[in-house]
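Single-letter residue listing:
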Amino acid sequence: MKRILNATWRDMVLTNFAAIVAGIVLSGALLLFLGIDPIFVFSTSIRAILTDGYTAADILLKATPLIMTALAFAFTYKANLFNIGAQGQFYMGAIAAIWLSLELQNRIPTALLLLIVLIVALAAGALIGGLIGFLKERFDSNEFLVSMMSSYVVLALMNYLLRTFLKETKGEYPQTDPIARSAWLPNLIKGTRLHYGFIISVLFAVLIWVLLYKTTLGFRIRAVGQNSRASALSGISPTKIYVIAFLISGALAGVAGFTEMNGVQHMLIQDFNPEMGAAGLGIAILANANPIGIIFASILYGALNVIGTQMGRIPGANVPSSIVSLMQGFVMLFVIMAYYARTKIASRREKNKRKREAALS
Amino acid sequence: MIINLLSRAITMSTPLFFGSVSEVVAERSGVMVTAIEGIFLLGAWGGFVGTYLWGNAIFGLLLAMICGIAVAAIYGVVTIFMKQHQVVTGTALNILAIGFCAFFQRVLFGIPQIPLQIQPLSVIPIPILSEIPVLGELFFNKNILTYVAYVIIPIIHYMLYHTSLGLAIRSSGENPQAADVAGINVNRLRFLTVLFAGMMGGIAGAFYSVGFLGMFTTNMIGGRGWIAFAICFLGNWQITGAVIGTFVFGLAEALAIYMQSIGGGGFFPNELFIAFPYILTIVLTVMRRNFSVPANLGIPYIKEG
């Protein structure tokens, strides 16, 4: 038994590694179309990451909100539900965070402000998530469609607010005023952009792991995910679980809005980070929806992001920014294919084992 | 004004029609084409590129179909033959589509000083028919894609409900084991319906670039693929339901454009109208009851033994 477990672990590491490398190599090869030497731009940007602490810390900075949106997807996924609307919940959290920070800044101590903003951003995300869960519970409406559409509605709401109530005092662009330094999440490492949001995200990942695997609620959520009918028979109400799972999922995505606003951007800009939700989904799949795995998968995505940005900065190379979504898309696609490869390898191993046993007897 | 609005509704429902009707066909065979947003986008891009490079919309539409089929083929291989999760695979392809279009737009055209333009498909008034009062303006003063839609509605309807091919498709989605016993190659048939959805979705995407705006941007689809996906669902997996649904959403979009053009009557913000089709989807999804979902929708078929 233990040997099989080890073998599946090895399969998982090897196939995923191959998938990631294949994704990077393929997107790199596409750079040849632009007459760009992929080896040169990759090695230059990786060297920049290795030699420059500021750039290296950016990897964890980029990973911070991704951990939260990936957790958001993974949490409902465990209950066999689909929250495709993490993008909207993330925006909702960002709107709440920026609005409250602008209201409260320089009035109350930083620590208190950050705590309040964190809680309200979390609640804002939970509001949208909870609404989706409620509609699922009450009307049995398809959560996949409702969550998907909710993102577009929140996006329109955000654009509206940026044009009206939240618009900068200069009144020029659809964006808010920057928040005061006293409302920023403090830096984690001096001389870099990395802030305490990273610690918050990691703590949430651990918390969600504990919640899922060490509590009765987590057990129930997973039970509903595996077989909602059977768990209903054993006295777990699946509909109640729908609401709870979506509330928590939305809350997690809302926190990402807080860390991005108070930690990195310090202002709300139209159409920022438009692929946060989709990337979170990809990360959750890469990590097999395991909260601890999500931390590492997010760091990988953060690294792809920073590598892409660094390439864009190489003078004269003209690497387009779309290389990031190409890399992320290919890696995600190949990781999905790696699942298939693993089932193939496992079934062949099983067959060989049976053959060997048959030969022995 | 009402005629104008309805006429516009029919125009705006054309791409949704292509997307949702082919989605119905694919879903009746048992596969949700969740890559539809990416298929639309690649179709829009292919349509633009073909038209721009060869100066003729026919080539644009051809390239749009090829692009749509290519995305659908990857999607079909991964979900049907590799049996991976449909929602997850679709999301990956949707991200990839954005990166791919942006990247190859750059490869082909560099960074142009002014946005590239193509001549949008021209409106072809049908002789005599377009002269009929009201109806002529409503139905017979459109571009070629809308006319194609008129022709294929009955064809697809007939195919799905009155031919052995349609029966095979429906039984693959309802009871693939039985279909298999009856000698139908379930996975191959499912793959073909997905390719069909890719082709039609490609045309749908091209409608936005070639048929309507005469340009391409990577955010031009903006959830329209998902709306077509939702229409299939709201139309209860029926061709007639999907056709009614596309008209409702076409009307919603036409209304949104109209309200924006008059500045929301000075009272409602434009964003409300932009969000209107999405809000409508949520409301209809919540209100809709008694679905007859294809029994094996989304479940890969694994042959026993």
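Residues numbered from 1 in each chain as written. Chains lettered and ligands numbered in written order. Predicted model: local features only at pLDDT ≥ 70, side-chain atom pairs only at ≥ 80, totals over all residues. Heavy atoms only, no water.

A.B. asks: Would you mind going over the overall build of chain B with me for this structure?
C.D. replies: When you go through chain B residue by residue, the secondary structure sums to 12 helices and 2 strands. Going residue by residue from the N terminus, the α and β elements of chain B occur as α-α-α-α-β-α-β-α-α-α-α-α-α-α. Relative to its length of 305 residues, chain B is compact, with a C-alpha radius of gyration of 19 Å against a globular reference of 19 Å. Dimensions of chain B along its principal axes, counting C-alpha atoms only, are 65 × 45 × 40 Å. Residue burial in chain B is summarised as follows: out of 305 residues, 56% are buried. Counting every atom, chain B has about 12,400 Å² of accessible surface; 70% of that belongs to carbon and sulfur. Mean positive and mean negative side-chain charge positions of chain B (12 and 10 charges, respectively) differ by 5 Å. (Helix = DSSP H or I, 4+ residues; strand = E, 2+ residues; numbered from the N terminus. Rg over C-alpha atoms; globule rule 2.2 N^0.38 Å. Buried < 20%, exposed > 50% of the residue type's maximum accessible area, 1.4 Å probe, protein only. Areas by Shrake-Rupley, 256 points an atom, 1.4 Å probe, with all protein chains shown as cover. Lys, Arg positive; Asp, Glu negative; His and termini not counted. Charge placed at Lys NZ, Arg CZ, Asp CG, Glu CD.)

A.B. asks: It is not clear to me how the overall build of chain A should be interpreted in this structure. Could you clarify?
C.D. replies: Secondary structure summary: chain A contains 13 helices and 0 strands in total. Along its sequence from the N terminus, chain A presents helices and strands in the succession α-α-α-α-α-α-α-α-α-α-α-α-α. Taken against the 2.2 N^0.38 rule, which gives 21 Å for 361 residues, the C-alpha radius of gyration of chain A at 22 Å falls within 12% of a compact globule. Once the C-alpha set of chain A is aligned to its principal axes, its extents read approximately 85 × 60 × 35 Å. A total of 361 residues make up chain A; the buried ones form 53% of that total.

A.B. asks: Explain the domain arrangement of chain A here, please?
C.D. replies: Interfaces are frequently sized by the accessible area removed from exposure as the parts join. All names here are of chain A. As assigned here, chain A comprises domain 1 (1-36 + 318-361) and domain 2 (63-317). In this structure, domain 1 and domain 2 have C-alpha centres spaced 28 Å apart. The partner domain 2 presents 18 residues to the 18 residues of domain 1 that form the contact. When domain 1 packs against domain 2, the two sides together hide about 1,500 Å² of surface, and 69% of this comes from carbon and sulfur. At the junction of domain 1 with domain 2, the criterion picks out 0 salt bridges. Between the two partners, domain 1 and domain 2, sit 4 residue pairs in polar contact (both at pLDDT 80 or more). For the side of domain 1 that touches domain 2, the secondary structure elements donating two or more residues are helix H1 (2-30) and helix H13 (323-360). With 10 residues, H13 is the largest single contributor of residues to the side of domain 1 that touches domain 2. (Domains from an automatic or database assignment. Contact = heavy atoms within 4.5 Å. Buried area = accessible area lost by both parts, 1.4 Å probe. Salt bridge = Lys/Arg side-chain N within 4 Å of Asp/Glu carboxyl O. Polar contact = N/O pair within 3.5 Å; in protein donor to acceptor, adjacent residues only side chain to side chain.)

A.B. asks: Help me out: how do you make sense of the interface of chain A and chain B in this one?
C.D. replies: Contacts between the two partners involve 42 residues from chain A and, on the opposite side, 42 residues from chain B. When the two sides are added together, the surface that chain A and chain B hide from each other amounts to roughly 3,800 Å², 83% of it contributed by carbon and sulfur. Its largest share of buried area at the contact with chain B, chain A owes to A:Leu145, A:Met149 and A:Tyr152, together 16% of the area lost on that side. Linking chain A with chain B are 1 salt bridge, by the criterion used here. Notably, a salt bridge pairs B:Glu271 with A:Arg163, separated by 2.7 Å at the nearest N-O pair. Seen at the junction of chain A and chain B, the total is 4 residue pairs in polar contact (both at pLDDT 80 or more).

A.B. asks: Can you walk me through the side chain of B:Arg106 in this structure?
C.D. replies: The topology assignment puts B:Arg106 in helix H4 (residues 86-109). If we ignore the near neighbours within four places in the chain, the residues touching B:Arg106 are A:Leu34, A:Asn318, A:Pro320 and B:Ile111.

A.B. asks: I'm lost on unusual backbone geometry in this one. Help?
C.D. replies: The phi torsion of most residues other than glycine is negative, and most of the peptide bonds are trans. Phi at A:Ala289 takes a positive value of approximately 60°, unusual for a residue other than glycine. Looking at the secondary structure, you find A:Ala289 in the loop between helix H11 (276-286) and helix H12 (291-313). A:Ala289 sits in the buried class, given a relative accessible area of 2%. In this structure, B:Val134 is a non-glycine residue whose phi angle is positive, near 60°. Mapped onto the elements, B:Val134 comes out in the loop between strand S1 (124-125) and helix H5 (135-139). Exposure remark for B:Val134: the relative accessible area of 44% places this residue in the partly exposed category.

A.B. asks: I would appreciate a short explanation of the packing of aromatic side chains in the present structure.
C.D. replies: Between two aromatic rings, the relevant description is the distance of the centres plus the angle of the planes. Counting across every chain of the model gives 33 aromatic pairs over all chains. Between A:Phe144 and B:Phe229, the aromatic rings sit 5.7 Å apart at their centres with planes inclined by 65°, giving edge-to-face as the arrangement. Taken as a pair, A:Phe144 in helix H6 (residues 143-163) and B:Phe229 in helix H10 (residues 224-234) lie in two separate chains rather than in one. Both residues of the pair, A:Phe144 and B:Phe229, belong to the buried class. When the centroid spacing of 6.2 Å and the interplanar angle of 55° are considered together, the rings of B:Phe139 and B:Phe140 count as tilted. Of the aromatic side chains, those joined through ring pairs into one cluster are A:Phe33, B:Trp45, B:Phe100, B:Phe103 and B:Phe104. The lysine or arginine in question, A:Lys136, covers the ring of A:Tyr242, its NZ or CZ lying 5.1 Å from the ring centre. One Lys or Arg, A:Arg342, reaches over the ring of A:Tyr339 and ends 4.7 Å from the middle of that ring. (Phe/Tyr/Trp six-rings, centres within 6.5 Å; stacked < 30°, edge-to-face > 60°. Lys NZ or Arg CZ within 6 Å of the ring centre and 35° of its normal.)

A.B. asks: What am I meant to see in a positive patch on the surface here?
C.D. replies: All names here are of chain A. The grouping of Lys 344, Arg 348, Lys 351, Lys 353, Arg 354, Lys 355 and Arg 356 at the surface amounts to a positive patch. In this structure, Lys 353 sits in helix H13. Classification of Lys 353 by relative accessible area gives partly exposed; the value is 31%. (Patch = residues over 30% accessible without salt bridge, like charges linked within 9 Å, V, L, I, M, F, W, Y side chains within 5 Å.)

A.B. asks: Looking at this model, I keep getting lost on a nonpolar patch on the surface. Mind explaining?
C.D. replies: Residue and element names in this part refer to chain B. Taken together, the side chains of Tyr 52, Leu 53, Trp 54, Ile 58, Phe 59, Leu 62 and Leu 108 define a hydrophobic patch exposed on the protein surface, amounting to about 690 Å² of accessible area. Breaking the nonpolar patch down by element, the ones donating at least two residues are helix H2 (36-54) and helix H3 (57-81). Position of Ile 58 among the secondary structure elements: in helix H3. Exposure remark for Ile 58: the relative accessible area of 52% places this residue in the exposed category.

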